[in-house]
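Summary of the model geometry
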Amino acid sequence: MNWQPFRGHAPGNMTIYSASFPDVSDQWPMKDDVTREINALNQVMKNDPALMPPRIVENSDGQATLVPQHAWSGKVFETRPALAAWRARLVPSALALFVVQNPLEDRLPDGSRMDSESRQWFIHANDAIGVRSRARVLAALVDKYIRNDIDSDWISLASGAAIPVLEALQNAKLDGQRVHLTLVDDDAVALRWAETMAAQQGLDVGEQLTLLKRHLVHHMIRHDDLLLELGEHQAELVDALGIFEYFNDADAVVFLRRAMRLVKPGGAVIISNMLTTSPQIDFLMRCIGWDPIFPRTLQQLQDIHLAAGVPVDDVSVVVPKDGVYAVMEIRVPE
Ligand SMILES: C[S@@+](CC[C@H](N)C(=O)[O-])C[C@H]1O[C@@H](n2cnc3c(N)ncnc32)[C@H](O)[C@@H]1O
């Protein structure tokens, strides 16, 4: 993997790279039109902070339905039924990410049919590109941690359906090395999906796969029982993609400190966080209405790892060209 120079604003002492990856959006029609349309909506949201995200209410037959809070949002969902079903029933679960990671599927995980207008957005929205590119960064980084020994342990915290992890494993083209995966998430449905997809890759529960339904705030941040359950300094690799921005700063510090304790000397923790500068962030938060999160600057991310006791020299950051997420590789010294 060739990292490229990062041209944005970052702390002077941060080791940081940019990267670009081939993506389904490169070849799919309507890229410029969709980008223009979403950029325009993003600008409308930026100009009017009073525009609120849609609300989700249960209708009389118990189904989640979307109630847009402004006309822009109303129009977006009215003309894109799959996007509306996705927002109402799947966000913010890992199955929402499944759609973004597999935008060519004919149906959403809840059975809704994909329509072509929605598909274009699942392909071309910059945040969707960012979800796919952060997985590519993970795949590029993990190679050096899972190839060294015959057996290695990889713990995925907030694994969801484990799509990035399984993709990375598939691409690693291991040469006889066995990786034991432990997937931790508090969503039983996501873990079941992960189990099915892992089985398709030949990974079975009990042999190379452990599934743990655990709440990370209760079992890793407020208390450390998950640490004791998983064992200290046992894993070559811990990844936590797509969860750091759900924790406030104080919780993020504790989470990182404890995640580091899971790792063997020479291993690494890989986390991601949405950046405050993500180009279509206002559209995502207030037109689509993603769950409230803590997007961060690179400086804030550095402040958190320093507060967790990780020196600058042990961290490298990759921000893909789309600019949505920072992916941090946090090494545990030998
Ligand atoms: C955005 S998804 C990321 C999934 C996966 N890591 C990926 O990148 O595709 C976030 C995941 O975090 C899980 N999650 C959120 N809060 C959690 C918590 N407090 N404890 C455990 N899992 C949590 C959700 O169930 C969801 O699967």
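Bear in mind that the values here come from a model prediction, so they are computed numbers and not experimental data.

1. Side note on the sheet that holds strand E7 (residues 209-213)
Read across the sheet, nine strands follow the order E1-E2-E10-E11-E9-E8-E5-E6-E7 without closing on themselves; strand pairing throughout is mixed. Two strands bound the open sheet, and with one partner strand each, they are strand E1 (4-5) and E7. Pairing analysis gives five bridges linking strand E6 (residues 178-185) to E7, with the strands arranged parallel. Note that in E7 the partner of Leu 181 across the bridge is Leu 209. Against the sheet, helix H13 (residues 298-307) contacts strand E2 (15-19), strand E9 (263-274), strand E10 (315-320) and strand E11 (325-331), and its axis sits at roughly 25° relative to E11.

2. Re H13
Among the residues of H13, Leu 298, Leu 301, Gln 302, Ile 304 and His 305 are the ones counted as buried. Considered in projection along H13, the buried side chains sweep an arc of 160° and stay on one side of the axis. Elements that come into contact with the buried residues of H13 comprise E2, helix H11 (249-261), E9, E10 and E11. Taken from the residues just after H13, Gly 309 is the one with a positive phi, measuring 90°.

3. A closer look at the environment of Gly 202
Residue placement: Gly 202 occurs in the loop between helix H8 (188-200) and E7. With relative accessibility at 48%, the residue Gly 202 sits in the partly exposed group.

4. Let's talk about the site of the ligand
Near the ligand lie 18 residues; those nearest to it are Arg 134, Ala 158, Asp 185, Leu 216 and Leu 241. At 2.6 Å from an oxygen atom of the ligand is found a side-chain nitrogen or oxygen belonging to Asp 185. Within the side chain of His 215, a nitrogen or oxygen atom sits 3.5 Å from a nitrogen atom of the ligand. Listing elements by their share of the shell around the ligand, those giving two or more residues are helix H4 (94-101) and helix H9 (216-222). It is H4 that provides the largest number of residues to the shell around the ligand, a total of three residues. Classifying every residue of the shell around the ligand gives eight nonpolar, five polar and five charged.

Cut-offs applied
Residues numbered from 1 in each chain as written. Predicted model: local features only at pLDDT ≥ 70, side-chain atom pairs only at ≥ 80, totals over all residues. Heavy atoms only, no water. Pairing = 2+ DSSP bridges. Helix = DSSP H or I, 4+ residues; strand = E, 2+ residues; numbered from the N terminus. Contact = heavy atoms within 4.5 Å. Axes fitted to C-alpha atoms, helices over the stretch in contact; angles between N-to-C directions. Buried < 20%, exposed > 50% of the residue type's maximum accessible area, 1.4 Å probe, protein only. Arc of directions from axis to C-beta. Near = heavy atom within 4 Å. Polar contact = N/O pair within 3.5 Å; in protein donor to acceptor, adjacent residues only side chain to side chain. Nonpolar A, V, L, I, M, F, W, Y, C, P; charged D, E, K, R; others polar.

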